[in-house]
Amino acid sequence: MMLSAARYCSVAALRASGRTTRIASSPLRAVPGFRPPARRTRKMGTGGGASLLCVSAAEASTSKKGGGVGAAPAYPPLRVTAPGRVVALGDIHGDIGQARRALSIAGVLGAGGDAVNPEWVGGNTTVVQVGDVLDRGDDEIAILILLQKLHKQAEKQGGAVYILNGNHEVLNVSGDFRYVTQGAFQESMRFGEHLVNLFGKAFEDAFGGAEEDARKKQVKARIGLFSPGGPLAQQLAMNSTVLIVNDTVFAHGGLLPRHVEFGLERLNNSVSDWMRGKEITDEKDRTALGMAIGSVKDSVVWNRTFGTENFMTEGDRERACATLGQTLDAIDGAKRLVVGHTPQMGGCNNQCDGRIWRIDVGMSFGVVGADPEVLEIDGDSVRVLTANVPAAVSKL
């Protein structure tokens, strides 16, 4: 007998949260090659967003073919076809104001909605946000809810909103909260309280409800939400680490020939399994997980091979472009790679004859607070959208 989405979220995701109480127990610390980097900080209107996130996680946790309790999980997509234009947003880092500005520039967020009920005006546009929704800002969960609500509306018009997993999503699922702001800890506590109100007191302890010390309660709530198998970790498990939309490849940090040779779908699936709380024992799956999220130098979410805004020498540029060419040539139909991760002080830009686009402009005020910019891909046309050059939205 199938569980309802709400019951699934409470019994599976929340129970998993209750089992995880220690940051040090994170499975990521066993991932081959993982080394965290050296250290470098409003009130949320849920408006049904908590249950929406839980429903989405429940839907994704069972396969479409007869999915039920014990069924094989549905993994995030590797390839999708977009019928209309594609717009890509860089790192958001917890800044919902800048996220809304970027979505408005992209021509998908209308002025007719509000904080609780956003208005999708993008028609059959496909949005790809390249990861790092989390950290450095106070409104991470509110952004996840906003993007999920827009996705639900977009689907009805043939569009979609996809979020990739970035290195900061990985850090939080691993229990590394060094970049979490005080406001984000408070948001986590409020969201945990909201889940308890929705699904019952039995899970109060999982989110620090019994803690009298406010700081301990906030930290425990975040651990419960984001640890592998927790409600928001399961939500992130629905997101791809690599996504190919038509002829464009999206990855947070970068993609190398060895990633493609090993198998991009396996990389995606290994991250999803880990975030859902599955123990990764198969050696090939462990290798895949390491390639996706492990090594700071060359994993998908940490790689900066193509992110350098200005190469030191022409030789460096030529070597990077040659590696990029090998990577894209190994992916059927791929014309370009779009990445975030490395802030570009001069705004969105490209190299290697337009085969690499860098779109992290540091828009969050937790980074540099730059003016939002968005990449638009419409057929063979690729251009940067700004507040001065926004998308032309049809009035029909």
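Above this text you will find the structure in question.
Residues numbered from 1 in each chain as written. Predicted model: local features only at pLDDT ≥ 70, side-chain atom pairs only at ≥ 80, totals over all residues. Heavy atoms only, no water.

Helix length check: helix α4 (residues 140-155), at 16 residues, gives a terminal C-alpha distance of 23 Å against a target of 22 Å (1.5 Å per residue), a fit within 8%. The buried fraction of α4 amounts to 13 of the 16 residues, a majority that puts the element mostly inside the structure. (Helix = DSSP H or I, 4+ residues; strand = E, 2+ residues; numbered from the N terminus. Expected span 1.5 Å × (residues − 1). Buried < 20%, exposed > 50% of the residue type's maximum accessible area, 1.4 Å probe, protein only.)

Let us look at a nonpolar patch on the surface. A contiguous nonpolar patch, built from Met-345, Val-367 and Val-368 and spanning about 260 Å² of accessible area, is present on the exposed surface. Within the secondary structure, Val-368 is located in the loop between β9 (356-358) and β10 (374-378). (Patch = residues over 30% accessible without salt bridge, like charges linked within 9 Å, V, L, I, M, F, W, Y side chains within 5 Å. Areas by Shrake-Rupley, 256 points an atom, 1.4 Å probe, with all protein chains shown as cover. Salt bridge = Lys/Arg side-chain N within 4 Å of Asp/Glu carboxyl O.)

A word on the nonpolar core. Membership of the largest hydrophobic core comes to 56 residues, with the highest contact counts inside it found for Val-249, Leu-255 and Leu-337. Those residues in contact with Val-249 that lie beyond four places of it in its chain are Val-242, Leu-243, Ile-244, Leu-255, Leu-328, Ile-331, Ala-334, Arg-336, Leu-337 and Val-338. Listed in part, the 44 residues of the second largest apolar core include Val-87, Val-108, Leu-109 and Val-127. (Core = buried A, V, L, I, M, F, W, Y, C linked by side-chain atoms within 4.5 Å. Contact = heavy atoms within 4.5 Å.)

What follows deals with the pairing of strand β7 (residues 336-339). Residues of β7 alternate between two faces, with Arg-336 and Val-338 on one and Leu-337 and Val-339 on the opposite face, all of them buried. Relative to β7, strand β6 (residues 248-251) runs parallel, the two being bridged by three bridges. Residue pairing for β7: Thr-248 is matched across the bridge by Arg-336. Pairing geometry for β7 and β9, over three bridges, is parallel. Looking at the pairing, Val-338 lines up with Trp-357 of β9. (Pairing = 2+ DSSP bridges.)

What follows covers the sheet that holds β9. Strand order in the open sheet made by the six strands is β1-β5-β6-β7-β9-β8, with mixed pairing throughout. In this open sheet, the two strands that pair with only one neighbour each are β1 (79-80) and β8 (349-351). Across three bridges, the pairing between β8 and β9 is antiparallel. Bridge assignment links Asn-350 to a residue of β9, and that residue is Trp-357. Together, β6, β7, β8 and β9 form the strand contacts of helix α12 (residues 314-329), whose direction differs from that of β7 by roughly 110 degrees. (Axes fitted to C-alpha atoms, helices over the stretch in contact; angles between N-to-C directions.)

All chains considered together, the criterion is met by one aromatic pair. Judged by centre distance (6.2 Å) and plane angle (80 degrees), the ring pair of Phe-177 and Phe-185 falls under edge-to-face. As far as the burial class goes, Phe-177 and Phe-185 line up, both buried. Across from the ring centre of Phe-177, 5.7 Å away, lies the NZ or CZ of Arg-222, which sits over that ring. (Phe/Tyr/Trp six-rings, centres within 6.5 Å; stacked < 30°, edge-to-face > 60°. Lys NZ or Arg CZ within 6 Å of the ring centre and 35° of its normal.)

We now examine unusual backbone geometry. Phi angles above zero are rare outside glycine, and Asp-132 is one such case at about 65 degrees. With respect to the helices, strands and loops of the structure, Asp-132 is situated in the loop between β3 (126-129) and α4. The phi dihedral of His-341 is positive, around 80 degrees, even though this residue is not glycine.

The sheet built from five strands is open, its strands ordered β4-β3-β2-β10-β11 with mixed pairing. In the strand order of this sheet, the two ends are held by β4 (160-163) and β11 (381-385), each with one partner. Taking the axes of each pair of neighbouring strands and ignoring which way they run, one obtains an average angle of 20 degrees across the sheet. Inspection of the sheet shows strand β2 (residues 86-89) paired to β3 by four bridges, in the parallel sense. Paired with Ala-88 across the bridge in β3 is Val-128.

The subject of this paragraph is the pattern of salt bridges. Within the structure shown, the criterion is met by 17 salt bridges. Among the salt bridges present, the one from Arg-222 reaches Glu-140, with a minimum N-O distance of 3.0 Å. With Arg-222 in helix α7 (residues 214-226) and Glu-140 in helix α4, this residue pair connects regions lying 82 residues apart in the sequence. Relative accessible area serves as the criterion here: at 0%, Arg-222 is assigned to the buried category. Residue class for Glu-140 comes out buried when judged on its relative accessible area of 0%.

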